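Single-letter residue listing:
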Amino acid sequence: MSPEKPIIDLDSILAELGQFGRYQVQIYCFILLPILFNAAYSAQYVFAAGAVPYRCKVPECEVSPPEFDTDFWGVWALPESGGRCDRLRPVGGGCGPGSFHANETLTCDSWVYERDHTIVAEFDLACEEWKRTLVGTIHSAGVFMALPITAFISDNYGRRTALIMTAVAAGVAGVARAFSNSYVLYVVLEFVEATVGAGAYSTGFILALEMVGVNRRVLGGNIISSTFALGQVVVALTAWAFPYWRTLTLIIYAPSILFILYIFVIEESVRWLISKGRKKEAAKIIFKAAAINNKKLSPETIKILNDESVVEEETKSPVKELPKKSLAVQVLRSKTIMTRLCVCCFWWITLTFVYYGLSINSVSLAGNSYVNYILTSLVEIPGYCLSVLTMDRFGRKASIMTAFIVCGLSLVGLPFVPENIIWLQTTLNMIGKLCISMAFSSIYIYTSELFPTEARHTLLGACSMIGRIGSLVAPQTPLLMTYMESLPYLIFGIMACTSGLLMLLTPETLRVKLPDTIEQAENISKKPQNGTLNGVVTST
């Protein structure tokens, strides 16, 4: 009988290397940069396709060039509604008080814009609000398409390959969009850019997570989430300084083309290499990480990493193993994995729906639009800090469940606050945004821990892709206010509370080793025996 084959226990090796040592810090520094840019890409359309005040052009009264401010003549030339899409019918050719019918209007065919720095003025989108809001929906549709494509590339060709491809492709598509000469071309390139580039966040997240030790996953994940929030602040500041949409687009997209140089500085995920049987490459990176972290590996670890007997036994053994079942078939046949997948999908729909819905419906924050956006982005960071403080202390389930339920209760209570108590409305809205941000950051970590290495990115991508349904629907929630003004907040709150209760159906993963196979993932919820969890070693 041949001796038992040595198995590489990466989490034990990471404990020897240092769970968040100098090597991991270097990797994070490289990964955080494309994530910062990815955040800017996800928010740029808010400013590039921002609403601009406009009015009908009244040829009889306009100066050359036309000015948005009508001074005195707007009182008799424009209807009381403001004259955005129609104007009073002229009687003659003058611009006096008696030159327009008081009760007859004409549909406008040209407009004057207060500012010309967004696509609304550039492509003359006045009185076609649906075209402006469609840009955000098109972007979300592109993200919807991006996630499974990026997940396939990541799981089959490597995290490093997927990260570089998505980072560079987004830069190329974004620069091309800056030269759009029509609305149709603009939205097509918006879709293309999101499709080829939106996966950079999930790829970078997984690449970083897979090289961090069990006890530093939460910290590492929330560093990435905070970087994403700062990326949104950066795009708001950039848009404030360079409001013209073409200039803004070029400034934030052009540098991404340089991410092609990451070929020389970023290394592949060791966990992915091991899962693909590429032990030599994985061992080389591990030895390099040990040297950078100034750590000495144990003789047993060095022996396992240098041992070639595993490959030789597999190739020389006369006993042939039965063909391994298709990964997709294994997932579909596993009731445990499929239940988790369905629950996770609902979580993700809730997260994107509430997160983006709150941003769209935040009417309590008045004033400078750039400052408002910066504040709503910065409030996410305390949520991520709470995630770091609670996830490892109280567990994944308790932390995320609390975030969902507090968010839900604050939003359900919001419609019952009197209109004149604006500070309380703002407070509840900010609590909701803080808690949903905490849940969003935590769910990335928790979802990654529920699924096995061999299908982690594919299943995480599936959850995130289906979750984009929420971001597709969120822009339409203001329409619900025509039926009931508080309806959007009630829906947000009910979905958040429901998601919190669904946490009862999934296992706790605190200090549990990342599962590598379907079987290990299924057995996470089983009680450990002698320090193991059916092959999944738990930390002490």
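Residues numbered from 1 in each chain as written. Predicted model: local features only at pLDDT ≥ 70, side-chain atom pairs only at ≥ 80, totals over all residues. Heavy atoms only, no water.

An unreviewed UniProt entry annotates the protein chain as Major facilitator superfamily (MFS) profile domain-containing protein of Bombyx mori. The record in UniProt for the protein chain states the following under Subcellular location (unreviewed entry): "Membrane". (UniProt positions renumbered as here; feature names shortened; annotations may be inferred.)

Undergrad: Can you help me understand helix H21 (residues 456-473) in this one?
TA: One turn of the α-helix equals 3.6 residues, which is why residues spaced by three or four share an orientation. The end-to-end C-alpha distance of H21, which contains 18 residues, comes to 27 Å, matching closely the 26 Å that a straight helix rising 1.5 Å per residue would cover. All of the buried residues along H21 are Arg 456, His 457, Leu 459, Leu 460, Gly 461, Cys 463, Ser 464, Met 465, Gly 467, Arg 468, Gly 470 and Ser 471. (Helix = DSSP H or I, 4+ residues; strand = E, 2+ residues; numbered from the N terminus. Expected span 1.5 Å × (residues − 1). Buried < 20%, exposed > 50% of the residue type's maximum accessible area, 1.4 Å probe, protein only.)

Undergrad: For this particular structure, what's the right way to read the environment of Asp 116?
TA: Tracing the chain through its elements places Asp 116 in the loop between strand E4 (111-113) and helix H4 (119-122). Sequence spacing of Asp 116 and Trp 245 is 129 residues, and the spatial spacing of their C-alpha atoms is 9.3 Å. Once you skip the residues sitting within four places of it in the chain, Asp 116 turns out to touch Ala 121 and Tyr 244. (Contact = heavy atoms within 4.5 Å.)

Undergrad: Sorry, what's going on with the confidence of the model for the protein chain here?
TA: In regions of low pLDDT, the predicted coordinates are not meant to be interpreted in detail. Counting all residues, the mean pLDDT for the protein chain is 82, and 89% of those residues have values of 70 or more. Per-residue pLDDT stays below 50 along residues 1-5; that stretch engages in four contacts with residues further than four places along the chain or on separate chains. Across residues 310-324, confidence stays below pLDDT 50; counting only partners more than four residues off in sequence or on other chains, it has nine contacts. (pLDDT = per-residue confidence, 0-100.)

Undergrad: Where do I start with the nonpolar core in this structure?
TA: What tends to happen in soluble globular proteins is that the nonpolar side chains get buried as a cluster. Leu 17, Trp 347 and Trp 348 are the most contacted members of the largest nonpolar core, which has 106 residues in total. Discounting chain neighbours no more than four positions away, the residues touching Trp 348 are Phe 440, Ile 443, Tyr 444, Thr 447, Leu 460, Cys 463, Ser 464 and Gly 467. Of all hydrophobic cores here, the second largest spans 28 residues; its members include Val 52, Val 58, Trp 111 and Tyr 186. (Core = buried A, V, L, I, M, F, W, Y, C linked by side-chain atoms within 4.5 Å.)

Undergrad: Help me understand the pattern of salt bridges, please; the structure alone is not making it clear to me.
TA: Side chains carrying opposite charge are able to pair once their charged atoms draw close together. As enumerated under the stated definition, the model contains 15 salt bridges in all. In this structure, Glu 104 and Arg 89 form a salt bridge, with 3.1 Å as the shortest nitrogen-oxygen distance. Of the two residues, Glu 104 is situated in strand E3 (residues 100-107) and Arg 89 in strand E2 (residues 86-90); the sequence distance between them amounts to 15 residues. Among the residues examined, Glu 104 registers a relative accessible area of 38% and is labelled partly exposed. Of the residues examined, Arg 89 reaches a relative accessible area of 33% and is grouped as partly exposed. With a closest N to O distance of 2.8 Å, Arg 159 and Glu 210 form a salt bridge. A residue pair is termed long-range when its members are at least 10 positions apart, and Arg 159 in helix H6 (residues 159-177) and Glu 210 in the loop between helix H8 (200-209) and helix H9 (217-241) qualify at 51 residues. The exposure classification of Arg 159 matches that of Glu 210, with both residues buried. (Salt bridge = Lys/Arg side-chain N within 4 Å of Asp/Glu carboxyl O.)

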